[in-house]
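# What the coordinates show
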Amino acid sequence: MPFSRIKSHAKLNLALNVISKSKSLHNIESIISFVDLHDIILIKKIKSKKHLISFNGKFSRRIGKKNTISKLFEILEKKKFLKNQRFQIKIKKSIPDRAGLGGGSMNAASILRYLAHKRIINIKNKEMLKISKLIGSDVMLGLNHKSKILNSRNKIKYFNNVKKIYPLIVKPNFGCSTKDIYSKVRKFDKAKFGKGAKKMFDINFLKDMKNSLETIAFLKYPRLKNMKLYLENSLNPVFVRMTGSGSALVAYFQTKKRCERAKKRFIQKYKNIWCIASKTI
């Protein structure tokens, strides 16, 4: 049986506010898009006593045996969705880890979506959301690649045909722990996105927004703040913002040409720092 091939796209938090905290989880609102940077997932059904999950590629070294994919299959087994079916899964990692790009979460979401779409598992949307939340808070965001707004009541509104923008994504040679960054949140934002509106994806609206986790990340990693200042002052983007809890920074441009030009200048300054010129999908 041949492998099926799935693209698992990176997500960007174009803006992010931390609204409150309930029990152990923080309540956020965020404007989210996906970019053409993606991992490749190969999956096929096999005759085996267990699932075979492997990772390769530049950003696969720190992935352990316990990961979002193994957790997904443990949950599906426990809930008896798989009916003794076993799978081999190979994932080529092109999305940096500990970057705020949702690589692992989007992998789990992409596989769950594939299994449901191919009717390999019989599952309703509500149950998919429940399973997503058991794996991680970001997983539900990857159940489709539409641009979306997550509001302060944890409801998602989807948007089609959002105008494309061109992000230069840079990832320093250190990562940020999501748990660590959120544990230091002491101030909360007022909710701003309400029910969500398509105009919120306009680059001129976004430039006046923020990621409220930046302050915490910059205190812990001053180099991250210095890199943002370089991106802002030397590359002439519309705006620069950290995605998620970091450590990836994103400089946003309105044209592909300006984004590619900025990438060349960035590489001249930071020769050993990973970066990629991308576009929203």
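Here is what the cut-offs are and how they apply
Residues numbered from 1 in each chain as written. Predicted model: local features only at pLDDT ≥ 70, side-chain atom pairs only at ≥ 80, totals over all residues. Heavy atoms only, no water. Helix = DSSP H or I, 4+ residues; strand = E, 2+ residues; numbered from the N terminus. Phe/Tyr/Trp six-rings, centres within 6.5 Å; stacked < 30°, edge-to-face > 60°. Buried < 20%, exposed > 50% of the residue type's maximum accessible area, 1.4 Å probe, protein only. Lys NZ or Arg CZ within 6 Å of the ring centre and 35° of its normal. Pairing = 2+ DSSP bridges. Axes fitted to C-alpha atoms, helices over the stretch in contact; angles between N-to-C directions. Contact = heavy atoms within 4.5 Å. Parallel < 35°, antiparallel > 145°, perpendicular 65-115°, else oblique. Left-handed = near helix turned anticlockwise from the far one by under 90°. Nonpolar A, V, L, I, M, F, W, Y, C, P; charged D, E, K, R; others polar.

Here we come to unusual backbone geometry. Residue Ser-247 follows Gly-246 across a cis peptide bond; omega there is 15°. Turning to its location among the elements, Ser-247 is positioned in the loop between strand S8 (239–242) and strand S9 (249–253). A positive phi angle is found at Lys-83, which is not glycine, with a value near 50°. Along the chain, Lys-83 falls in the loop between helix H1 (68–78) and strand S4 (86–92). Unusually for a residue other than glycine, Arg-98 sits at a positive phi of about 50°. As for its placement among the helices and strands, Arg-98 is situated in the loop between S4 and helix H2 (103–117).

This next bit is on the packing of aromatic side chains. The geometry of an aromatic ring pair is captured by the separation of the ring centres together with the interplanar angle, meaning the angle of the planes. The tally for this structure, following the rule as stated, stands at eight aromatic pairs. Measuring from centroid to centroid gives 4.6 Å for Phe-174 and Tyr-221, while their planes differ by 20°, and the two rings are stacked. In this pair, Phe-174 is assigned in the loop between strand S7 (166–171) and helix H4 (178–183) and Tyr-221 in the loop between helix H6 (214–220) and helix H7 (222–234), connecting sequence segments 47 residues apart. Each member of the pair, Phe-174 as well as Tyr-221, is classed as buried. Within the aromatic cluster, the residues linked to one another by ring pairs are Tyr-230, Phe-266 and Tyr-270. The aromatic ring of Phe-3 is capped on one face by Lys-44, whose charged end is 4.6 Å from the ring centroid.

The four strands are arranged S8-S9-S7-S10 in an open sheet whose pairing can be described as antiparallel. Edge strands, defined here as strands with exactly one partner in the open sheet, are S8 and strand S10 (274–277). Strand-to-strand twist in this sheet, taken as the mean axis angle between neighbours without regard to direction, amounts to 20°. Note that S7 and S10 share four bridges and pair antiparallel. When the bridges of S10 are listed, Val-170 appears paired with Cys-275. Running at roughly 20° to S7, helix H8 (residues 256–269) makes contact with S7, S9 and S10 of the sheet.

Axis separation between H2 and helix H3 (residues 125–135) bottoms out at 11 Å; the angle between their running directions is 155°. With respect to H3, the axis of H2 lies roughly antiparallel. As for the relative orientation of H2 and H3, their crossing is right-handed in sense. In this structure, H2 contributes Ala-108, Leu-112, Arg-113 and Ala-116 to the contact, and H3 contributes Met-128, Ile-131, Ser-132 and Ile-135. Of the residues belonging to the contact of H2 with H3, the class tally is six nonpolar, one polar and one charged.

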